[in-house]
Amino acid sequence: MTVYPCVKVNLGLNVLRKRPDGFHDIETLFVPSGEYHDVLEIVSGDDWSRTSAALFSKYGVPGQDSQRIAGVCSGPLVQAISGDGKLMITIARKEGVDWNPLDDLCAKAYRLLDKDFGLPPVKIFLEKLSPVGAGLGGGSADAAYTLRELNRLFSLGLDDAAMASYASRLGSDCAFFVYGKPMFGEGRGEILSDFPLPVLESFDLKIIAPEGISVSTADAYRGICPGIPSVALREVLSMPVQDWKSLLVNDFERTVFALHPELAAIKQSLYDSGAIYASMSGSGSALFALYEKSGQ
């Protein structure tokens, strides 16, 4: 079965305080978006893939070294096999894959469940179509969807809460992607609660991921001054969308826009084009805007 991990945007992102463990407490509303997605297929070790032929035709066949030695080769399509032979992972990306496939979050998700359940061997095929390093959570989505697919494929019997618990060990926003609906995130982002926001149905969401700009989370946090906002995020989200421009903020914009002023210019251009609300997503560099649907 082939699935399509989506991305997310953050409606508001307040960095509240630094924690003793070195992380930060935040509050944000995660909202899923299908404007970008990856393509993920997982098959048991003795099954055949429905996507591999298309990937090899589109991206080329990996060299023999990249199949045997993880991390040696890079290119538009890379492949690696774990030392125990239980996991073969293939990753394709037009812009190139320059990371060790066995370090990908999909591989880590497999190892996490394998440790507790002794999973059979699998083959993972991932086509990366969503932007990397853009604050859209594409890698986290891949990990969460891997957990979901392994749970389904091998009938592990994990409910959403159990899968979210595993996902939170892989990344702060991974758990959100288990649910696939707007969720209010607290703690590191892994403490989630339902937060329906039907008003969003009246707006079109547009995402812009500028090419050539990748923002590291460490750089985004550098210079952040944590603090409690004067108006709680839940209260701001309950206000009309037309009021969000001055009240619904992403605390990372101050530090990231200082490093990349062109992002601030893109945000302004979204307002100039008629957006009701515009913001950076996560720690950047992607931006998004809400436009009122015609006839509303």
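Residues numbered from 1 in each chain as written. Predicted model: local features only at pLDDT ≥ 70, side-chain atom pairs only at ≥ 80, totals over all residues. Heavy atoms only, no water.

Caption draft 1: Fine view of the nonpolar core. Ranked by internal contacts, the top residues of the largest apolar core, which has 43 residues, are L11, L29, L237, W244, L248, F252 and Y277. Elements with a contribution of two residues or more to this core: β2 (6–18), β3 (24–37), β10 (203–208), α8 (233–237), α10 (252–259), α11 (261–272), β11 (277–280) and β12 (287–292). If we skip the residues at most four places from it in the chain, L11 touches T28, L29, V31, L197, L200, L233, L237, W244, L248, Y277 and F288. I42, A141, A144 and Y166 belong to the second largest nonpolar core, which has 42 residues in total. (Core = buried A, V, L, I, M, F, W, Y, C linked by side-chain atoms within 4.5 Å. Buried < 20%, exposed > 50% of the residue type's maximum accessible area, 1.4 Å probe, protein only. Helix = DSSP H or I, 4+ residues; strand = E, 2+ residues; numbered from the N terminus. Contact = heavy atoms within 4.5 Å.)

Caption draft 2: A look at the pattern of salt bridges. Going through the model one piece at a time under the given rule, you end up with 13 salt bridges. The closest approach of N and O atoms between R93 and E95, which form a salt bridge, is 3.6 Å. On the accessibility criterion, E95 (55% relative accessible area) is exposed. Connected through salt bridges with shared partners, the residues R17, R19, D21 and D25 form a single ionic network. (Salt bridge = Lys/Arg side-chain N within 4 Å of Asp/Glu carboxyl O.)

Caption draft 3: Quick look at helix α4 (residues 138–153). Taking 1.5 Å per residue as the helical rise, α4 with its 16 residues ought to reach 22 Å, and the 22 Å between its terminal C-alpha atoms agrees with that figure. The buried fraction of α4 amounts to 12 of the 16 residues, a majority that puts the element mostly inside the structure. Every buried residue of α4 is accounted for by G138, S140, A141, D142, A143, A144, Y145, T146, L147, E149, L150 and N151. Positive phi appears at S155, one or two residues downstream of α4, with a value of about 50°. (Expected span 1.5 Å × (residues − 1).)

Caption draft 4: Quick look at unusual backbone geometry. Cis geometry is found at the peptide bond from G284 to S285, where omega equals 20°. Of note, S285 is situated in the loop between β11 and β12. Residue S155 is not a glycine yet carries a positive backbone phi of 50°.

Caption draft 5: Representation of the sheet that holds strand β9 (residues 191–194) in the model. Across the sheet, four strands lie side by side as β2-β3-β8-β9; this open sheet has antiparallel pairing. Of all the strands in the sheet, just β2 and β9 have a single pairing partner and so form its edges. Going across the sheet, the axis of each strand differs from the next one's by a mean of 25°, ignoring polarity. As judged from the four bridges shared by strand β8 (residues 183–186) and β9, these two strands associate in the antiparallel manner. Each residue of the ladder has a partner; that of M183, found in β9, is D194. (Pairing = 2+ DSSP bridges. Axes fitted to C-alpha atoms, helices over the stretch in contact; angles between N-to-C directions.)

Caption draft 6: Quick look at the layout of surface pockets. The space that makes up the largest pocket amounts to roughly 1,000 Å³. G137, S140, D173, T217 and S283 are the residues nearest the centre of the largest pocket, which is lined by 39 residues in total. Secondary-structure elements contributing two or more residues to the lining of the largest pocket are β2, β3, α3 (105–117), α4 and α7 (217–221). Considering each element in turn, the lining of the largest pocket owes the most residues, four residues, to α4. Residue classes in the lining of the largest pocket are distributed as 13 nonpolar, 18 polar and eight charged. (1 Å grid on protein atoms, 1.4 Å probe; cavity = no way out; pocket = protein on both sides within 12 Å on 5 of 7 lines; lining within 4 Å. Points joined across faces, edges and corners; volume = space filled by probe spheres on them. Nonpolar A, V, L, I, M, F, W, Y, C, P; charged D, E, K, R; others polar.)

Caption draft 7: Representation of the sheet that holds β10 within the structure. What the three strands build is an open sheet, ordered β10-β12-β11; its pairing is antiparallel. For this open sheet the edge positions go to β10 and β11, each flanked by a neighbour on one side alone. With direction set aside, neighbouring strand axes in the sheet form an average angle of 20°. Across four bridges, β11 lies against β12 in antiparallel orientation. Bridging across to β12, Y277 finds its partner in L290. Each of β11 and β12 is contacted by α10, which is oriented at about 70° to β11, the strand it contacts most.

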